[in-house]
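# Observations on the three-dimensional arrangement
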Amino acid sequence: MAPQATPSDIQAEVILVGCGCPLRGMGWYHAVQMLNDEVPHAKLCHVVEPWFLGAGAKGPGGPEFGEFAKKAEADNGVAFHKSLADLPPVADSVKRLALISGRTGDNPRLMSEAIDAGCTTIYLEKPGAPTVAELEAMKSEAASKNVTVLMGYNKNVCKYVSKTRDFAASIEGGHVTFVSNNTYEPTAESLGECFERNAEGMLKNMAIHELALLVSFYDVTVENIDSVTVDKEFSSMQTLKGPSGKEWTDFDKVKFTIKTKTGNCVSVQADRCGGDVSYATVTQKDEEIFKYTMPDDEDKANVEKLEAKYPGAMPYFFSQDPDYTTVKDRVAAFCATGKVAEGIATIEIACDTLRVAEYLVPVIQEQLK
């Protein structure tokens, strides 16, 4: 049995909140990357998993989680807890980081509990909270306790984003479009299940990463939007029944261009049934002159290795694997050493992103009538 995991002088003591089921949960993949020493400034020391250590222990995924926990405890000295209140006090000189990877609706409570448990930095998965009001309240609470909240908007550090932005900046009149695709079947059953499971809607879920890019790099805020132009030929909104029998209205695909009052112009395209490749393009006078995809050839080789190592895991873990590592390491380095987390979205950016999402939904709906 390994001794209790402890961080080095340059590492944050990481508390993973919400591991989820092995091969399925994003929290599990975060854990795997840290346990494999792929995140130099992060030491996974504790996992808080209320469901699988409680009511879900014997249900679907429970036994698999139990096996994972047993191995991580024996081999890596990771301690497992049902709640944040069960954590031991923070040791002297240790910097504690909470990586919260549960359900969005639980985030406000979990963040408060993490702060009470001595965490000085919080890593929140997108979009942070279900509504702008809740996220604004979380921002205020964190600021009042001198706690920094950073976001898991991994596309902010993606290679395809930086390469496209660099190319566009090198030419006159280059127009950038960020394209996000997913692999749902174009059927009422498949999309209805998708709409119900992602009830916050496409713009607060699938396309929220692209909106975060617009806020981070193109000065897009609700106050700075001059116009929104929807591509009506491409875009589609449907009302479909989910597995529960309840009806949900959402976009299955959407494309729009935002112009800002400060002179920026940028487009976003998202398609639930568009495939497994996301990309960005630069056009000049309506002609495409640059395109960069995720994954690229280098990434594809890594994806094949990971597919062999973790058969049956969610495909998007692998295509975004290097970006998850980068975001975690920059957040952990900030927590442990104070080094600026370059390119990482703050909770302020997350608030502006969620406000833009809430603003856009009725605007786009109106243009699609």
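Residues numbered from 1 in each chain as written. Predicted model: local features only at pLDDT ≥ 70, side-chain atom pairs only at ≥ 80, totals over all residues. Heavy atoms only, no water.

### Points about the overall build of the chain
A tally of regular secondary structure across the chain gives 11 helices and 13 strands. Taking 369 residues into account, the globule formula puts the C-alpha radius of gyration at 21 Å, and the chain, at 21 Å, falls close to it. Over its C-alpha atoms, taken along the principal directions, the chain stretches across nearly 65 × 45 × 40 Å. For the chain, the residues scored as buried account for 51% of the 369 residues in total. About 16,700 Å² of surface is accessible on the chain, with carbon and sulfur atoms providing 50% of the total. (Helix = DSSP H or I, 4+ residues; strand = E, 2+ residues; numbered from the N terminus. Rg over C-alpha atoms; globule rule 2.2 N^0.38 Å. Buried < 20%, exposed > 50% of the residue type's maximum accessible area, 1.4 Å probe, protein only. Areas by Shrake-Rupley, 256 points an atom, 1.4 Å probe, with all protein chains shown as cover.)

### Describing the packing of aromatic side chains
This structure, assessed with the given rule, holds 13 aromatic pairs. The interplanar angle of 50° and the centroid separation of 5.9 Å between the aromatic rings of Trp 28 and Tyr 29 together place this pair among those described as tilted. The same class applies to Trp 28 and to Tyr 29, which are both buried. A centroid spacing of 6.0 Å and a plane angle of 70° characterise the contact between Phe 178 and Tyr 218, whose relative ring orientation is edge-to-face. Separated by 40 residues along the polypeptide, Phe 178 in strand E7 (residues 175-181) and Tyr 218 in the loop between helix H7 (208-217) and strand E8 (225-230) bring together distant segments of the chain. The pair formed by Phe 178 and Tyr 218 is uniform in burial state, with each residue classed as buried. Among the aromatic residues, those joined into a ring-pair cluster are Trp 28, Tyr 29, Tyr 310, Tyr 316, Phe 317, Phe 318 and Tyr 324. (Phe/Tyr/Trp six-rings, centres within 6.5 Å; stacked < 30°, edge-to-face > 60°.)

### Here's the deal with the nonpolar core
Ranked by internal contacts, the top residues of the largest apolar core, which has 67 residues, are Ile 122, Leu 135, Phe 178, Leu 203, Phe 256 and Leu 360. Ranked by the residues each element gives to this core, the list is headed by helix H11 (residues 347-367), at nine residues. Dropping the residues within four chain positions of it, Leu 203 is found in contact with Ile 208, Leu 211, Phe 251, Phe 256, Ala 357, Leu 360, Val 361 and Ile 364. Residues Phe 65, Ala 72, Phe 318 and Val 331 belong to the second largest nonpolar core, which totals 42 residues. (Core = buried A, V, L, I, M, F, W, Y, C linked by side-chain atoms within 4.5 Å. Contact = heavy atoms within 4.5 Å.)

### Thoughts on the packing of helix H1 (residues 26-35) against helix H2 (residues 62-76)
Pairs of packed helices are described in terms of their axes, by the angle between the two and the distance that separates them. Interhelical geometry of H1 versus H2 gives an angle of 20° and a closest axis separation of 12 Å. By the angle between their directions, the pair H1 and H2 is classed as roughly parallel. Seen from above, H1 lies across H2 with left-handed handedness. Across the interface between the two elements, Trp 28, Ala 31 and Leu 35 from H1 touch Phe 68, Ala 72 and Asn 76 from H2. Classifying every residue of the contact of H1 with H2 by side-chain character gives five nonpolar, one polar and no charged. (Axes fitted to C-alpha atoms, helices over the stretch in contact; angles between N-to-C directions. Parallel < 35°, antiparallel > 145°, perpendicular 65-115°, else oblique. Left-handed = near helix turned anticlockwise from the far one by under 90°. Nonpolar A, V, L, I, M, F, W, Y, C, P; charged D, E, K, R; others polar.)

### Structural notes on helix H8 (residues 297-309)
Taking 1.5 Å of rise per residue, the 13 residues of H8 would be expected to cover 18 Å, and the 19 Å separating its terminal C-alpha atoms lies within 8% of that figure. Within the span of H8, buried status applies to Asp 299, Val 303 and Leu 306. The buried residues of H8 occupy one face: seen down the axis, they fall within an arc of 70°. More than 90 degrees from the buried face of H8, the exposed residues found are Asp 297, Glu 298, Glu 304, Lys 305 and Ala 308. Next to the buried residues of H8 lie H1, helix H5 (159-169), helix H9 (315-319) and helix H10 (321-337). If you check the start of H8, you find a side-chain oxygen 3.2 Å away from the backbone N of Glu 298, and it comes from Asp 296. (Expected span 1.5 Å × (residues − 1). Arc of directions from axis to C-beta. Polar contact = N/O pair within 3.5 Å; in protein donor to acceptor, adjacent residues only side chain to side chain.)

### What to know about the layout of surface pockets
Of the pockets and cavities examined, the second largest pocket occupies roughly 230 Å³. Along its surface, the second largest pocket is lined by 15 residues, and His 175, Thr 177, Lys 255, Thr 257 and Ser 267 are the ones closest to its centre. (1 Å grid on protein atoms, 1.4 Å probe; cavity = no way out; pocket = protein on both sides within 12 Å on 5 of 7 lines; lining within 4 Å. Points joined across faces, edges and corners; volume = space filled by probe spheres on them.)

### With respect to unusual backbone geometry
For the peptide bond that leads from Lys 126 to Pro 127, omega is -5°, which places it in the cis range. The residue Pro 127 is located in the loop between strand E5 (119-124) and helix H4 (132-144) in this model. Note the cis peptide between Met 294 and Pro 295, where omega equals 0°. Positive phi outside glycine occurs at Lys 285, with the angle close to 55°. Topologically, Lys 285 is positioned in the loop between strand E12 (278-284) and strand E13 (287-294).

### Some words on the packing of H4 against H11
Interhelical geometry of H4 versus H11 gives an angle of 170° and a closest axis separation of 9 Å. Here H4 is positioned roughly antiparallel relative to H11, judged by the angle of their axes. Contacts between H4 and H11 involve Val 132, Leu 135, Glu 136, Met 138 and Lys 139 from the first element and Ile 347, Glu 348, Ala 350, Cys 351, Leu 354, Arg 355 and Glu 358 from the second. For the contact of H4 with H11, the class distribution of residues is seven nonpolar, no polar and five charged.

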